[in-house]
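Structure assessment
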Amino acid sequence: MKKFKTLLASALIIAMAAGCSSSAPTTGGDTGSTDAKTYNVGVAIYQFDDNFMTLYRNEIESYFKTLETDEVKYNVTIVDGKNDMAEQQNQIDNFITQGMDVIILNLVQTSSADATIDKVVAAGIPLVLINREPLGENGDESYKGILDNPTVCYVGADARQSGTFQGEIIAELPDHGDLNGDGKISYIMIEGDPENIDAQYRTEFSIKALTDAGLTVECLDDQVGNWAQAKGEEITSNALSQHGDAIEVVFCNNDAMALGAAAAIKAKGRTVGKDIYLVGVDALDECQEMVKNGEMTGTVLNDHIGQSHTAVDVAVKALNGEKLDNYYWVDYVKVTK
Ligand code: BGC
């Protein structure tokens, strides 16, 4: 499938004449080198208080540093949208006023993609969208605002793949997730922000992987935890109180919520791998440890290094006036013991 391919350098066609040129960079700057060009880079993150996006933004910053030379410097400004679209629109307006040479944007709401793309394009600034994919009308990767604008692209991972991997992790267990042997997998689902395609696809495709494998499923509860650890804990705790031993699998759309779920599972005296299964997505360091020592059944690597490096590489190509592809995909990786 096209989206599952990691399309990095190989997909980038160098075409200097294409319409991705940025505004003129600052010469000199505070770099200590009088001959250095300094490019101003604006990075808008939907919310700093997000485990995964914290790793991602830190990596953007440090990777830009590694690309600096005596001749080229990157002045990177990273702002916190505080999960508030109005706040993020102000930040984008400020980036435009400040004359950023390129903008990397993790939208608070993908429903505002068009309005944001329009103003950044009108200002002549290349735009690299990350992590939250605006969806095309037919539900695939063909988003008009990206297809129509050669200076706008999206860097991300296909959430269908992560959902499928979660389901497969359960389907591949010796009992296929049916701990009590009643012929069905009884699960609860803890979802991220429902507007986010990652949440929608992970919810859908994790279960589809089970039914595609010919297994029977039963949903005992499906709640929105908004990607947050505390919500993951609260939802799991309530569900365990209500359904008790009937819950065989806890699916979490991300690892932050799985960390919360793991705490609730422990507090209720249940044991992952013995009387319940737990899967997340992201492969945060602490969750990789938990998979190793059995406290989580599995997770899926959401490659923040591959994604942030691709986003930065693409931004640099835009700064150099090179032609951009519409989409750059980075693969997920299944993580089990
Ligand atoms: C990650 C989540 C994160 C979300 C932010 C997802 O891809 O898996 O952990 O909260 O992105 O948009």
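The structure contained in this document is the topic of the report that follows. Everything quoted here is computed from the prediction, not taken from an experiment. (Residues numbered from 1 in each chain as written. Predicted model: local features only at pLDDT ≥ 70, side-chain atom pairs only at ≥ 80, totals over all residues. Heavy atoms only, no water.)

Turning our eyes to something else, we now look at the site of the ligand. Around the ligand lies a shell formed by Tyr 46, Asp 50, Phe 52, Asn 131, Arg 132, Asn 196, Asp 198, Arg 202, Trp 227, Asn 254, Asp 282 and Asn 302. With respect to the ligand, the side chain of Asn 131 contributes an N or O atom lying 2.6 Å from an oxygen atom. Among the residues forming the shell around the ligand, the class breakdown is three nonpolar, four polar and five charged. Residue contributions to the shell around the ligand reach at least three from each of two domains, namely domain 1 (10-157 + 303-336) and domain 2 (160-301). (Near = heavy atom within 4 Å. Polar contact = N/O pair within 3.5 Å; in protein donor to acceptor, adjacent residues only side chain to side chain. Nonpolar A, V, L, I, M, F, W, Y, C, P; charged D, E, K, R; others polar. Domains from an automatic or database assignment.)

With that out of the way, let us pick up the packing of helix α8 (residues 255-267) against helix α9 (residues 285-292). Running from N to C, α8 and α9 point in directions that differ by 50 degrees, and their axes come no closer than 10 Å. On the basis of the axis angle, α8 is oblique to α9. Judged by the twist between their axes, the crossing of α8 over α9 is left-handed. Taken together, the residues of α9 that come into contact with α8 (itself represented by Asp 255, Leu 259 and Ala 262) are Glu 286, Cys 287 and Met 290. (Axes fitted to C-alpha atoms, helices over the stretch in contact; angles between N-to-C directions. Helix = DSSP H or I, 4+ residues; strand = E, 2+ residues; numbered from the N terminus. Parallel < 35°, antiparallel > 145°, perpendicular 65-115°, else oblique. Left-handed = near helix turned anticlockwise from the far one by under 90°. Contact = heavy atoms within 4.5 Å.)

Within the element layout of this structure, Thr 236 appears in helix α7 (residues 229-243). Its relative accessible area of 0% is what places Thr 236 among the buried residues. (Buried < 20%, exposed > 50% of the residue type's maximum accessible area, 1.4 Å probe, protein only.)

Two faces, one strand: in a regular strand the side chains alternate between the faces of the sheet. Of all five residues in strand β6 (residues 152-156), five are buried, a share of seventy percent or more. Taking every second residue as pointing to the same face, both faces of β6 are buried, with Val 152, Tyr 154 and Gly 156 on one and Cys 153 and Val 155 on the other. Both strand β5 (residues 127-130) and β6 contribute to a ladder of four bridges, which runs parallel. Following the sheet pairing, Leu 129 is matched in β6 by Tyr 154. Relative to strand β12 (residues 327-329), β6 is paired through three bridges, and the arrangement is parallel. (Pairing = 2+ DSSP bridges.)

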